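Okay, here's what each chain looks like letter by letter:
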Amino acid sequence: MAAALEISGLTRRFGGVTALAGVDLSLLPGEVLGLIGPNGSGKTSLFNVLSGHYAPDAGAVRLDGRDIAGWAPRRIARAGVTRSFQNLRLLKRLSLYENLRAATHSAASGRELFWQSRAAKRRERSQLMDLLALFGLEDKADDAPGALTLVEMRQLEIARLLAARPRLVLLDEPAAGMTPAETARISRIIAEHVLPGRSVIVIEHKMPLITALCRRIAVLQAGVKIADGPARAVLDDPLVRQSYFGSRPC
Ligand SMILES: Nc1ncnc2c1ncn2[C@@H]1O[C@H](COP(=O)(O)OP(=O)(O)OP(=O)(O)O)[C@@H](O)[C@H]1O
Ligand SMILES: [Mg+2]
């Protein structure tokens, strides 16, 4: 099967820091990859380069065969890649519904929006309300995100990702700040609503979420991929345990 995403030799430096040092990684269509590694190992930098927020210094990123390295974020979003951020980036002054609408339109061109007919607007409203209903948030459509719990905010963020109709989803620490019970809940929500039919990379420090969602895990250390393979084998790899878990069992 042809890879959905093929990263080769990806390198990104920040002054004297090499955040990514020649990373190779490929993902099959529909595959779910867990990306782990110590703080500062380059995980978010990889997402920043994949989503176009930073240009790489070297290397290629092929999405369905096209090299998208260095494309602008909006162009990459239009090509079917969406990401979440380590820190929630909801639009606090907008309602939940408007948050979703903004996400759909971040992937659309101004021209498409200008020509949106009344029927298209109605269709869009019903699709977005269905999406809110999927997460049980339809009654709060007109509320601001500030009124939501942490899990609901993450759900809204996931709904925002899905509103952009992505083929590749990049999740950066979706369980950040959550209790074990909340982590289990968001993990079930991701399994049910995000994974089906999409290629997904999940960054997370919380191993229960990674092992629940990902059969394959890759590990970054100081910008270098030090392991990549079946989840159990990677977590049992002495090099990984040494570098990431300080040789604690995980
Ligand atoms: N915009 C930036 N400017 C300067 N240095 C940066 C920038 N972004 C990342 N870095 C550096 O690149 C390295 C990798 O950072 P990155 O945020 O990718 O790590 P991470 O694996 O996501 O860590 P964490 O688990 O803490 O989120 C770090 O040394 C970081 O300080
Ligand atoms: Mg990070």
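Everything quoted here is computed from the prediction, not taken from an experiment.

Caption draft 1: Region of interest: the packing of aromatic side chains. Counting across every chain of the model gives one aromatic pair. When the ring centre of Trp-71 is taken as reference, the NZ or CZ atom of Arg-75 above it lies at 3.6 Å. Sitting over the ring of Tyr-97, Arg-125 keeps its end group 4.4 Å from the ring centre.

Caption draft 2: The site of ligand 1, seen in detail. The full set close to ligand 1 counts 15 residues, and Gly-40, Lys-43, Ser-45, Gln-86 and His-205 are the nearest of them. Here an oxygen atom of ligand 1 sits 2.8 Å away from a polar atom, N or O, in the side chain of Asn-39. A total of 640 Å² of accessible area belongs to ligand 1 in isolation, and the protein chains cover 66% of it. Elements represented by at least two residues in the shell around ligand 1 include exactly strand S2 (17-27) and helix H1 (43-50). It is H1 that provides the largest number of residues to the shell around ligand 1, a total of three residues.

Caption draft 3: Region of the structure containing the sheet that holds strand S6 (residues 81-83). Across the sheet, six strands lie side by side as S6-S7-S8-S3-S9-S10; this open sheet has mixed pairing. Only two strands of the sheet have a single partner each, and these edge strands are S6 and strand S10 (224-230). The average angle at which neighbouring strand axes cross in this sheet is 15°, direction not considered.

Caption draft 4: The arrangement of the nonpolar core in detail. One finds Ile-36, Ile-186 and Ile-190 to be the most contacted residues of the largest nonpolar core, which totals 46 residues. Per-element accounting of this core gives the leading share, seven residues, to helix H6 (residues 150-163). Grouped together as the second largest cluster of nonpolar side chains are 26 residues, Leu-46, Val-49, Leu-63 and Ile-201 included.

Caption draft 5: Local environment of the pairing of strand S8 (residues 199-203). With five of five residues buried, S8 lies mostly within the body of the structure. As defined by bridge partners, strand S3 (residues 32-36) adjoins S8 across four bridges and the pair is classed as parallel. When the bridges of S8 are listed, Leu-33 appears paired with Ile-201. Relative to S8, strand S7 (residues 168-172) runs parallel, the two sharing five bridges. Directly across from Val-169, in S8, lies its bridge partner Val-200. With respect to chirality, the unit in which S7 leads through helix H7 (residues 180-193) into the neighbouring parallel S8 is right-handed.

What counts, and at which threshold
- Residues numbered from 1 in each chain as written.
- Chains lettered and ligands numbered in written order.
- Predicted model: local features only at pLDDT ≥ 70, side-chain atom pairs only at ≥ 80, totals over all residues.
- Heavy atoms only, no water.
- Phe/Tyr/Trp six-rings, centres within 6.5 Å; stacked < 30°, edge-to-face > 60°.
- Lys NZ or Arg CZ within 6 Å of the ring centre and 35° of its normal.
- Near = heavy atom within 4 Å.
- Polar contact = N/O pair within 3.5 Å; in protein donor to acceptor, adjacent residues only side chain to side chain.
- Areas by Shrake-Rupley, 256 points an atom, 1.4 Å probe, with all protein chains shown as cover.
- Helix = DSSP H or I, 4+ residues; strand = E, 2+ residues; numbered from the N terminus.
- Pairing = 2+ DSSP bridges.
- Axes fitted to C-alpha atoms, helices over the stretch in contact; angles between N-to-C directions.
- Core = buried A, V, L, I, M, F, W, Y, C linked by side-chain atoms within 4.5 Å.
- Buried < 20%, exposed > 50% of the residue type's maximum accessible area, 1.4 Å probe, protein only.
- Right-handed = clockwise from strand over helix to strand, strands pointing away.

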